[in-house]
Amino acid sequence: MTELAIGQVTDRTGLSVHALRFYEKEGLLAAPVKRDANGRRVYTEHDVEWILNCTKFRASGMPLATIREFAALVRQGPGNEEKRLDLLREHQNTVRERIAELGDCLELITRKVEVYEEHVARGTAGDLWR
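If you're wondering where the values come from, they're calculated on a predicted model, not measured in any experiment.

Scanning the protein chain from terminus to terminus reveals five helices and three strands. Relative to the compact-globule value of 14 Å for 130 residues, the protein chain shows a C-alpha radius of gyration of 22 Å, a clear excess of over 25%. Summarising its shape, the C-alpha atoms of the protein chain cover approximately 70 × 35 × 25 Å along the three principal directions. Burial statistics for the protein chain: of 130 residues in total, 29% are counted as buried. In the protein chain, 49% of the contacts between residues at least 6 apart in sequence involve partners at least 24 apart. Of the accessible surface of the protein chain, which amounts to about 9,100 Å², a share of 54% is contributed by carbon and sulfur atoms. Within the protein chain, one finds 20 positive and 21 negative side-chain charges whose respective centroids are separated by 5 Å.

Among the nonpolar cores identified, the biggest contains 23 residues, and Val 9, Leu 20, Tyr 43, Trp 50 and Ile 51 are the most heavily contacted of them. Broken down by secondary-structure element, the contributors of at least two residues to this core are α1 (6–13), α2 (17–25), α3 (45–59) and α4 (64–76). Sequence-distant contacts of Trp 50, defined by excluding residues within four places in its chain, comprise Leu 28, Leu 29, Ala 30, Phe 70, Ala 71 and Val 74.

Now for a nonpolar patch on the surface. Judged by side-chain polarity, Val 115, Tyr 116 and Trp 129 come together as a nonpolar surface patch covering roughly 360 Å² of accessible area. One can find Trp 129 in the segment after α5 (81–122).

Turning to the packing of α3 against α4, a few remarks are in order. Relative orientation of the contacting elements α3 and α4 amounts to 150 degrees, with a least axis distance of 10 Å. Between α3 and α4, the interaxial angle falls into the category roughly antiparallel. Two packed elements cross with a definite hand, and for α3 against α4 that hand is right-handed. Along the contact surface, α3 presents Trp 50, Cys 54, Phe 57 and Arg 58, while α4 presents Leu 64, Ile 67, Phe 70, Ala 71 and Val 74.

This part is about the domain arrangement of the protein chain. How big an interface is tends to be stated in terms of accessible area lost as the parts join. What the domain assignment lists for the protein chain is domain 1 (1–77) and domain 2 (79–129). Relative placement of domain 1 and domain 2: their C-alpha centres are 31 Å apart. Taken together, the contact between domain 1 and domain 2 spans eleven residues of the former and eight residues of the latter. Our count for the contact surface shared by domain 1 and domain 2 stands at zero salt bridges. Counting the contacts that link domain 1 with domain 2 gives four residue pairs in polar contact (both at pLDDT 80 or more). Per element, the largest residue contribution to the side of domain 1 that touches domain 2 is six residues, and it comes from α4. Residue composition of the side of domain 1 that touches domain 2, grouped by class: five nonpolar, five polar and one charged.

With that out of the way, let us pick up the side chain of Asp 47. Its location among the elements puts Asp 47 in helix α3. Here Asp 47 is in contact with Ala 31 and Val 42, once residues within four sequence places are set aside.

Reading the values: the criteria
- Here, residues in each chain are numbered from 1, in the same order as that chain's written sequence.
- In keeping with the model being predicted, local features are shown solely for residues with a pLDDT of at least 70 and side-chain atom pairs are shown and tallied solely at 80 or more, while totals for entire chains, interfaces and linings include all residues.
- Side-chain descriptors were evaluated using all non-hydrogen atoms of the structure, hydrogens and water having been removed beforehand.
- Helix and strand definitions here come from DSSP, where helices need a minimum of 4 consecutive H or I residues and strands a minimum of 2 consecutive E residues; each element is numbered from the N-terminal end.
- Our radius of gyration looks at C-alpha atoms and nothing else; its globule reference is 2.2 Å times the residue count to the power 0.38.
- Residue exposure (1.4 Å probe, protein chains only): buried if accessible area is under 20% of the type maximum, exposed if over 50%, otherwise partly exposed.
- Here, two residues are considered to be in contact whenever any of their heavy atoms come within 4.5 Å of each other.
- Only the protein chains shown count as cover for residues, with accessible areas throughout obtained via the Shrake-Rupley method and a probe of 1.4 Å.
- We score Asp and Glu as negative and Lys and Arg as positive, and we do not count His or the chain ends.
- By convention, the charge on Lys lies at NZ, on Arg at CZ, on Asp at CG and on Glu at CD.
- To define a nonpolar core, start from buried Ala, Val, Leu, Ile, Met, Phe, Trp, Tyr and Cys residues and group those joined through side-chain atoms within 4.5 Å.
- Surface patches are defined over residues having more than 30% relative accessible area and no salt bridge, joining like charges when they lie within 9 Å and nonpolar side chains (Val, Leu, Ile, Met, Phe, Trp, Tyr) when within 5 Å.
- Any carboxyl oxygen of Asp or Glu that lies within 4 Å of a side-chain nitrogen of Lys or Arg is treated as forming a salt bridge with it.
- Only C-alpha atoms enter the line fits that serve as axes; for helices the fit covers just the stretch in contact. Angles between N-to-C directions range over 0 to 180 degrees.
- Should an angle lie under 35 degrees it is considered roughly parallel, over 145 roughly antiparallel, and from 65 to 115 roughly perpendicular; all remaining angles are considered oblique.
- Each helix crossing is assigned a hand: it is left-handed if the near helix lies turned anticlockwise from the far helix by less than a right angle, otherwise right-handed if that turn is clockwise.
- Just so you know, the domain bounds were taken from an automatic or database domain assignment.
- Throughout this description, a polar contact denotes any pair of N or O atoms lying within 3.5 Å of each other; where both atoms belong to protein, one of them has to be capable of donating a hydrogen while the other can accept it, and for residues adjacent in sequence the pair is counted only when both atoms sit in side chains.
- Under this grouping Gly is polar, as are all residues other than the nonpolar Ala, Val, Leu, Ile, Met, Phe, Trp, Tyr, Cys and Pro and the charged Asp, Glu, Lys and Arg.

In structure tokens form, the structure reads like this:
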């Protein structure tokens, strides 16, 4: 199994050293980070994959508490897959709702862009919102 230094993991994940340490301290990782003979953190490919998943969870708005709970369930091992599934489904629904809200926002912005483009092209933009 390939061992990766913290700098290699920052390069692969885009997270800072500080952020990786934060993830570890906050219990967001699926497995404890191993240490080499000198006490330096060493990561595996599995750790990198998990960290990338966590960054996607965060980017989608998943609260740290939910990621922490999910990671704890993973660390417990088999037997709690239903709980993990429930957490993921709940967040999936939240993301779908947010996407729908953003779709509505995008429609409004698109209409405003069209109006502004039309007025700018006609030279009547100064009359907007009067």
